[in-house]
Amino acid sequence: MMKQSFSKVENAVYGWQGNPEISTKIPYLTVNNFPQLGLLTSLRFLEWVAENPEGVVSLPTGKTPEHFIKWTQHILEHWNSPSVSDIRRKFGLDLPEKPVLKGLQFVQIDEFYPISSRQHNSFNFYVRKFYIEGFGLDINRALLISSEEIPLYEGKHFSEVFPELKIDLSLRYKDCRSQKEYIQQQSIYQIDQWCSEYENKIREKGGIGFFLGGIGPDGHIAFNVRGSDHNSTTRLTATNFETQAVAAGDLGGIEISRNRLVITIGLKTIVSNPDAVAIIIAAGEAKAGVVKDALENPASNLYPATVLQQLRNGRFYITKGAGVMLKDSLDNYYLKGKWTTEKTQRVVIDLCRKLDKFGKNITPDDLKNDEYARFIPGISEETVPAVINQIKAKIDLGLEKKKNQRYFHTGPHHDDIMLGLLPEISQELRQISNRFDFAVLTSGFTAVTNRFVIKLLDDVIRFLDQDKIEMVYYPDFFQKGYKHKWDKDVYHYLNKVASGEPHERERAVSHRIVRVLTEIYRIGSVAELKAKINEINHLLHHSYDGEKNPPDIQRFKGMIREFEEELVWAHYGVRVKNIHHLRLGFYTGDIFTEQPEKERDVVPVLEMLRRVKPTVISLALDPEGSGPDTHYKVLQALAEAIRLWREEENLSHLKIIGYRNVWYRFHPAEADVIVPVSLNALASFEESFSHCYLSQVNASFPSYLLDGKFSELARKIWTEQYQTIRLLIGKSYFYENERPKLRATHGLIFYKEMDVDTFLMQAGELKDSMEGPVH
């Protein structure tokens, strides 16, 4: 890759990197953090606009372009300010005058179909809000995708033609069996025609001149999923599970996104202009695999982004985390800097997997013949056994029985602690000298669907009508009685789990729902209670899927999740008073969430630390840009609270446990402690999840890694981690071990154990990787 093929802005960034050799098939630039990714993209966009003031642009939707949008607006609004002038100078954006965006011709990339463009979760709404209005573009020069404006049979509305908002694309090719199918078939043909005309309009403009997009978990760009033809054009099409899982958050659940089609420009649409600047941006280690596939493989339908190989101005802009699996990054990791024990462990474990050989069978020649293992200092017959013993020592730490500890287990969302540490915590809980408090830092309302709430409310009405919720008739219930016996709801429910009475479990849940509604709405009577339930039901029935709920409904949904968390830990004897729901204020459900603030988000955590005075704190420790951004923001609130607490207390004794769950996993070399998980523990884990996290059993918002419950994915991760370690240290270590716990092991949990200084340093590094300075 010749430096001269970069633009001035790109050259500036390339120079800061030290002009590294780029071995990939598509050029890429690496920046330190997500905001800097947005800044680089914004400056390159403005650089292009200055040369093409009436050019054709396609810009992305969702969370991906958050910092691109914010930086573009900031730079244009403060063009001549000292700070922006300094940024422009550093990045080589030496323009004679400020670019004007009004002349640009916008092309919408994709859209769900069908969906009303008035809905806030439609891409059409997003484009009009953030680009047409936000950037001051001329809507009359834009090509937009609006379901209402796509003609259907005899001018019908899409809700008439597709009343369930489901489309059977096989009608393109088969005979119709009813008038309904005929109308739908003819409408599909008209949609196809509209898509062809949309494509022609783009071509008439000369094709897209500046394309900016993200990359999905399957490698998709726009909605061109894995397997898409590189010659594809604008079309109505289905998506795959990975894409549907990501879209579930926008559409109100996988039940909706699984059946919703999309209209998308094609891969050929993106590259039809040979002079186009096409940039894919990716942030975080969770994207590292798809980035590697896109950049290092020859052009293939399996990797949609490889189509950018056709463009001399095709680029990837990535964060360091997104690039960790690239050969360039691996070369840098292994060939530069001091060789460490972690490098040795990592390369030996990876070599076992690569060769599919047990550790005891890895020879010095195997190490010397490997691209990276050959750099292990002093390779000998003892190299691999030393690594095996180091991993066994981590397992020994996971077997230690902890006593006289005060645990403060924290999670960003309900179920995070369980999915990360339940088998470890269940062992700790058996020691009577240990004390426990659990805190969930956000209310988690976005994980509860309207359909689930409607079902719960219908149950309450049914039990009220049957006089099965007797507490509402106690004289002082609506004044103060509802505040008492919240533990009893938990006990009632779990009793009926034990006795196998699902109807009674529903009644126990209804008791809690009545208490929650009374607290939120200050209900004064049974009649008021029924009226409020009917009002909420009416609101939810008339809300579109994925619509942001009003604050009272958000609180209601959050308190449902809080009950679920109480049920889990009550399995192990933890009382409601030891489970804390902090409901930090940065969690709003908006597409671009706020940053944590000290008074609102840090002080409540600090007050908990002062009160609990833990000796051990657990927290979710995900890498940059992996998992929901709530994880990162909660981590920063915790880190700041711990830092402030350290100014008041001597924390030299405090241990920090950093866990991961379904969003990302530790490499065994990264982990400090490895916890064995028995088949019995796996069964208990699955049963607890299914009985307690009622809103999650149907997996409405699944991970793209598995079409199922989070508990199933966690179990899959733990068993895969066991298989990795078993390959290194051998099967006999487990099934012939003198310790019953190890003989019963069929899964492993990895976590890091840190002192306060080490944790605050790692949290600071993560903060820099997410929010660090411009340069």
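What you see is a predicted model; the values in this text were computed from it and never measured.

S.K.: Got a sec to walk through the packing of helix 17 (residues 450-465) against helix 19 (residues 502-521)? Specific residues and values, please.
M.R.: At their nearest, the axes of helix 17 and helix 19 sit 9 Å apart, and the two run at 100 degrees to each other. When the axes of helix 17 and helix 19 are compared, the pair comes out roughly perpendicular. On helix 19, the residues touching Lys455, Leu456, Leu457, Asp459, Val460, Arg462 and Phe463 of helix 17 are His503, Glu506, Arg507, Val509, Ser510, Ile513, Val514 and Leu517.

S.K.: Any chance you could break down unusual backbone geometry for me, citing the residues and the numbers?
M.R.: For the bond running from Tyr113 to Pro114, omega is -5 degrees, close enough to zero to count as cis. For Leu165, which is not glycine, the phi torsion reads 60 degrees and is therefore positive. Residue position: Leu165 is located in the loop between helix 6 (158-161) and helix 7 (179-204). What makes Leu165 partly exposed here is its relative accessible area of 25%. Positioned with a positive phi, Asp467 is a non-glycine residue whose angle comes to about 55 degrees.

S.K.: Before we move on, can you summarise the nonpolar core with the specific residues and values?
M.R.: Ranked by size, the top nonpolar core spans 100 residues in total, and within it Phe45, Phe106, Tyr113, Tyr131 and Phe316 carry the most contacts. For this core, the element with the highest residue contribution is helix 2 (residues 34-51), accounting for nine residues. Not counting residues up to four positions away in its chain, the partners in contact with Phe45 are Val57, Leu59, Phe68, Thr72, Leu101, Leu104, Phe135 and Phe210. Of all hydrophobic cores here, the second largest spans 79 residues; its members include Tyr482, Val514, Val677 and Ala714.

S.K.: Any details on the pattern of salt bridges? Residues and values, ideally.
M.R.: Across all of its chains, the model carries 55 salt bridges by this definition. Among the ionic pairs, Asp192 bridges to Arg172, the shortest N-O distance being 2.7 Å. Taken as a pair, Asp192 in helix 7 and Arg172 in the loop between helix 6 and helix 7 lie far apart in primary sequence, 20 residues in all. On the basis of relative accessible area, Asp192 is assigned to the partly exposed category, the value being 22%. The salt bridge partner of Asp757 is Arg646, with a shortest N-O separation of 2.6 Å. Residue Asp757 is found in helix 28 (residues 756-771), and its partner Arg646 is found in helix 23 (residues 629-646); the two are separated by 111 residues along the sequence. Classification of Arg646 as partly exposed rests on a relative accessible area of 35%. Three or more residues joined by partner-sharing salt bridges are found here, namely Glu10, Arg44, Glu47 and Arg315.

S.K.: Report on the sheet that holds strand 16 (residues 745-754), specifying residues and quantitative values.
M.R.: Across the sheet, seven strands lie side by side as 12-11-10-13-14-16-15; this open sheet has mixed pairing. Both edges of this open sheet fall to strand 12 (579-581) and strand 15 (673-678), since each of them pairs with a single strand only. Across the sheet, the mean angle from the axis of one strand to that of its neighbour is 25 degrees, orientation sign disregarded. As paired elements, strand 13 (residues 616-620) and strand 14 (residues 655-659) share five bridges and run parallel to each other. Across the sheet, residue Ile617 finds its bridge partner in strand 14, namely Ile656. Taken strand by strand, helix 16 (residues 416-428) contacts strand 10 (406-411), strand 11 (435-440), strand 13, strand 14, strand 15 and strand 16, and its axis lies near 160 degrees from that of strand 10. Against the sheet, helix 25 (residues 710-729) contacts strand 15 and strand 16, and its axis sits at roughly 90 degrees relative to strand 16.

S.K.: Could you give an account of helix 24 (residues 679-692), naming the residues involved and the relevant values?
M.R.: With 14 residues, helix 24 ought to run about 20 Å at 1.5 Å a step, and its terminal C-alpha atoms sit 20 Å apart, in line with that. Looking only at helix 24, the buried set comprises Ala681, Leu682, Phe685, Glu686, Ser688, Phe689 and Cys692. Each buried residue of helix 24 lies within a common arc of 165 degrees when the element is viewed along its axis, so the set occupies one face. Seen from the buried face of helix 24, the exposed residues on the opposite side, beyond 90 degrees, are Leu679 and Asn680. Looking at the buried residues of helix 24, the elements they touch are helix 16, helix 21 (551-570), strand 15, helix 25 and strand 16.

S.K.: So what's going on with the sheet that holds strand 8 (residues 277-282)? Which residues, and what values?
M.R.: Pairing in this open sheet of six strands is parallel, and the strands run 1-9-8-5-2-3 from one edge to the other. Strands with a single pairing partner mark the edges of an open sheet, and in this sheet they are strand 1 (28-31) and strand 3 (105-106). With five bridges connecting them, strand 8 and strand 9 (residues 314-319) associate as parallel partners. Residue Ile279 lies in a different strand from strand 9, and its bridge partner there is Arg315.

S.K.: Provide a residue-level description of the packing of aromatic side chains, including the pertinent values.
M.R.: A complete count under the given rule lists 32 aromatic pairs for this structure. Geometrically, the ring pair formed by Tyr334 and Tyr372 is stacked, given 4.7 Å between the ring centres and 20 degrees between the ring planes. Here Tyr372 lies in the loop between helix 14 (364-369) and helix 15 (383-399) and Tyr334 lies in helix 12 (residues 327-335), a separation of 38 residues in the sequence. Each member of the pair, Tyr334 together with Tyr372, is buried. The ring of Trp79 carries Arg88 above its face, with NZ or CZ at 4.0 Å from the centroid. Directly above the aromatic system of Phe463 lies the positively charged group of Arg462, at a separation of 4.6 Å from the ring centroid.

Basis of the calculations
Residues numbered from 1 in each chain as written. Predicted model: local features only at pLDDT ≥ 70, side-chain atom pairs only at ≥ 80, totals over all residues. Heavy atoms only, no water. Axes fitted to C-alpha atoms, helices over the stretch in contact; angles between N-to-C directions. Helix = DSSP H or I, 4+ residues; strand = E, 2+ residues; numbered from the N terminus. Parallel < 35°, antiparallel > 145°, perpendicular 65-115°, else oblique. Contact = heavy atoms within 4.5 Å. Buried < 20%, exposed > 50% of the residue type's maximum accessible area, 1.4 Å probe, protein only. Core = buried A, V, L, I, M, F, W, Y, C linked by side-chain atoms within 4.5 Å. Salt bridge = Lys/Arg side-chain N within 4 Å of Asp/Glu carboxyl O. Pairing = 2+ DSSP bridges. Expected span 1.5 Å × (residues − 1). Arc of directions from axis to C-beta. Phe/Tyr/Trp six-rings, centres within 6.5 Å; stacked < 30°, edge-to-face > 60°. Lys NZ or Arg CZ within 6 Å of the ring centre and 35° of its normal.

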